[in-house]
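One-letter residues, chain by chain:
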Amino acid sequence: MSHNSFGHLFRVTTFGESHGPAIGAVVDGCPPRLTFRREDVQAALDKRRPGQSRFTTQRKEPDEVEILSGVIEAEDGTLTTTGTPIALLIRNVDQRSKDYSNIATSYRPGHADYTYDVKYGVRDHRGGGRSSARETASRVAAGAIARLVAPRVAIRGALVAMGEIEIDRTRWDWSEIDNNPFFCPDPVAAKKMEGYLDGIRKSGSSVGAMIEIVAEGAPAGLGAPIYGKLDADLACAFMSINAVKGVEIGAGMEVARLTGEQNADEMRAGNDGRPVFLSNKAGGVLGGISTGQPIVARFAVKPTSSILTPRRSVDQTGAEVDVSTKGRHDPCVGIRAVPVGEAMMAIVLADHVLRHRGQVG
Ligand SMILES: Cc1cc2nc3c(=O)[nH]c(=O)nc-3n(C[C@H](O)[C@H](O)[C@H](O)COP(=O)(O)O)c2cc1C
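Rules of the game
- Residues numbered from 1 in each chain as written.
- Predicted model: local features only at pLDDT ≥ 70, side-chain atom pairs only at ≥ 80, totals over all residues.
- Heavy atoms only, no water.
- UniProt positions renumbered as here; feature names shortened; annotations may be inferred.
- Helix = DSSP H or I, 4+ residues; strand = E, 2+ residues; numbered from the N terminus.
- Polar contact = N/O pair within 3.5 Å; in protein donor to acceptor, adjacent residues only side chain to side chain.
- Axes fitted to C-alpha atoms, helices over the stretch in contact; angles between N-to-C directions.
- Left-handed = near helix turned anticlockwise from the far one by under 90°.
- Contact = heavy atoms within 4.5 Å.
- Nonpolar A, V, L, I, M, F, W, Y, C, P; charged D, E, K, R; others polar.
- Near = heavy atom within 4 Å.
- Areas by Shrake-Rupley, 256 points an atom, 1.4 Å probe, with all protein chains shown as cover.
- Phe/Tyr/Trp six-rings, centres within 6.5 Å; stacked < 30°, edge-to-face > 60°.
- Lys NZ or Arg CZ within 6 Å of the ring centre and 35° of its normal.
- Buried < 20%, exposed > 50% of the residue type's maximum accessible area, 1.4 Å probe, protein only.
- Pairing = 2+ DSSP bridges.
- Salt bridge = Lys/Arg side-chain N within 4 Å of Asp/Glu carboxyl O.

### Concerning the UniProt feature "binding site: FMN" (unreviewed entry) in the protein
Under the present numbering, the feature "binding site: FMN" (unreviewed entry) in UniProt falls on Arg130, Ser131, Ser132, Asn242, Ala243, Gly287, Lys302, Pro303, Thr304, Ser305, Ser306 and Arg328. A maximum C-alpha distance of 43.7 Å is found for the annotated residues, which run over 199 residues; spatially they are spread out rather than grouped. As for its position among the elements, arginine 130 is in the loop between helix H2 (113-120) and helix H3 (135-149). Of note is the side chain of arginine 130, whose polar atom sits 2.7 Å from the side chain of threonine 14. Structurally, the position occupied by asparagine 242 is in the loop between helix H5 (230-239) and strand S12 (244-249).

This is the structure in C-alpha cells:
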C-alpha cells in the first residue's frame, strides 16, 4: 500500500492498524514557529473518542496522543513547531481480536473484507486492519496541527440528518452541538434521534447520517486550478473517510433542480472594496477558488455494515454463509465522523494556504 499520504505542501501520512500496537500520523510541511499545547490535539481526539455515550461503540480507547518529534517543548508545556516532521502516536489499548473470529474467513457485506482480500491476498480480519476507521483518529490528530496553519479560520461540523430524521435549519444553533451526543445543531431533532437510535441499537441494526462541515473566515483565493481545485480536494478528502458515499459542496446535488437565477450568488459592493455575496449556493468556492464566503460541504455516511442481523454472504472458499457481526460497533458511524470531517477540512485548507503562498507570494 503506497497511498497513505494526503496533501502536497502540508502532507499527512498515517500508519497503523486497529489491532496493532499503535496508530499515528506524520505531518510533514508544517511551518516552523507555530505554538500549541498537547491538550489542543487531545481535545480534538476526545471529541472522536469511542464510548462517550450509549450511541457509540463501547470500546474504551483513551486515544492519548504522544508527540514524538517536530516540536520544542517549553517549561510551561507550550510546544513550538520546528518545521520538521511532527510524529503523532496513539497507542491501541482495547483490542479484542476474538470479537472478529467469526469473520476470519467470511466477508461482512458492506465492509471492505472481500475487496482487501481480493486485492492483497491477505487481510487483517481483527477489526479490519487498515480498513478500520480507527485510522481516522490519526487524521483527527493531524487536523489539530493543520488548524495552526490558518488559525483565523473557524471550522465546525454538525450532524444534519440521521436515517429518516432531518434537522430543521431554521432551528440551527451551533451552541447546541455540545448539548447532545450527536453533534446535532437542532435540539428538537436531537431529541428525536435519541429514541430513534436507541431502537436501531437495541435491534442490532445501524443507520446512516449526513454531516455538514463549515469553514468560516477562509480568505478568498485558496485553491489551485485546474487539478488542485479547492472543491475537488475537499471532495477527495471527505470521500476518503471510511463509510462516506456522497459529497456535496454548497447546494450540491440540489443544483440539478435550480434555475440560473436561483443558483447564481448575486453580488453587491461591500464596504471594504470586496464584494458581498447575497447567497452562498456555491458553498464558498467558484472555479475551484475560495470566494471568502463560508466554505460549506456535506457528506453522506452509510450505515455501519457490522450488524447483528444475519446477512447473506460468502467465505474465502466461495461457500455461502450467513454473517452476523458481534463485537462492539457504532449504530451510527456518522456521529464520530463529525470530528473526522472537521479534521479533513482543516488539512485541505492548511495545504491550500501553503500552496497559495507558493503560487502568489
Ligand atoms: C468514525 C467511524 C467509525 C466506524 N466504525 C465502524 C464500526 O465499528 N464497524 C463497521 O463495520 N464499520 C465502521 N466504520 C465504517 C468502516 O470503516 C467502512 O465502512 C469500511 O472501511 C469500508 O469502507 P467504505 O465504507 O468506505 O467502502 C466506521 C466509520 C467511521 C467514519
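### Some details on the packing of helix H1 (residues 38-48) against H3
Contact geometry of H1 with H3 gives a least axis separation of 8 Å together with a crossing angle of 145 degrees. Seen along the crossing, H1 lies across H3 with a hand that is right-handed. Residues Asp40, Val41, Ala44, Leu45 and Arg48 of H1 form the contact with H3, whose participating residues are Thr136, Ala137, Val140, Ala141, Ala144 and Ile145. Its residues assigned to classes, the contact of H1 with H3 shows 8 nonpolar, 1 polar and 2 charged.

### Overview of the site of the ligand
Lining the immediate surroundings of the ligand are 14 residues, of which Ser131, Ala243, Lys302, Ser306 and His329 lie closest. Take asparagine 242: an N or O atom from its side chain is 3.1 Å from an oxygen atom of the ligand. Contacts to the ligand include histidine 329, whose side-chain N or O atom sits 2.9 Å from a nitrogen atom. Here the ligand, which alone exposes 630 Å², has 88% of that area covered by the protein. Class assignment of the residues belonging to the shell around the ligand gives a composition of 4 nonpolar, 7 polar and 3 charged.

### A word on the packing of aromatic side chains
Tallying each qualifying case throughout the model produces 5 aromatic pairs. Each ring, one from tyrosine 107 and one from tyrosine 114, has its centre 5.4 Å from the other, and the planes form 75 degrees; the classification is edge-to-face. Lying across the ring of phenylalanine 183, lysine 47 places its NZ or CZ 5.2 Å from the centre.

### Quick notes on unusual backbone geometry
For the bond running from proline 225 to isoleucine 226, omega is 10 degrees, close enough to zero to count as cis. Considering the arrangement of structural elements, one finds isoleucine 226 in the loop between strand S11 (209-216) and H5. Backbone geometry at arginine 33 places phi at a positive 70 degrees, although glycine is not the residue there. On the basis of relative accessible area, arginine 33 is assigned to the exposed category, the value being 69%. Positive phi is not limited to glycine here, since aspartate 63 has a value of about 50 degrees. Residue position: aspartate 63 is located in the loop between H1 and strand S5 (65-67). Judged by relative accessible area, aspartate 63 falls into the buried class, the value being 0%.

### Considerations on the pairing of strand S18 (residues 311-314)
With 4 bridges joining them, S18 and strand S19 (residues 320-323) adopt antiparallel strand pairing. When the bridges of S19 are listed, arginine 312 appears paired with aspartate 322.

### Let's talk about the sheet that holds strand S17 (residues 295-301)
Read from one edge of the open sheet, 5 strands run S10-S9-S11-S17-S12, paired in antiparallel fashion. Where the open sheet ends on each side, the last strands, each with one partner, are strand S10 (165-166) and S12. Judged from the 5 bridges that link them, S12 and S17 form a sheet pairing that is antiparallel. Counted as the bridge partner of isoleucine 249 is alanine 297 from S17.

### Some details on the sheet that holds strand S7 (residues 79-81)
Within the open sheet, the 3 strands sit side by side as S4-S7-S6. Their pairing is antiparallel. Two strands bound the open sheet, and with one partner strand each, they are strand S4 (35-36) and strand S6 (71-73). In terms of strand pairing, S6 meets S7 through 3 bridges, oriented antiparallel. Bridged to valine 71 within S7 is threonine 81.

### A word on the pattern of salt bridges
In this structure the tally under the stated criterion is 24 salt bridges. The shortest N-O distance in the salt bridge between arginine 123 and aspartate 113 comes to 3.6 Å. In this pair, arginine 123 is assigned in the loop between H2 and H3 and aspartate 113 in helix H2, connecting sequence segments 10 residues apart. Arginine 123 sits in the buried class, given a relative accessible area of 14%. The closest approach of N and O atoms between glutamate 248 and arginine 298, which form a salt bridge, is 2.9 Å. Here glutamate 248 is found in strand S12, whereas its partner arginine 298 is found in strand S17, with 50 residues between them in sequence. What you see here is one network of salt bridges that share partners, running through Arg48, Glu61, Asp63 and Arg134.

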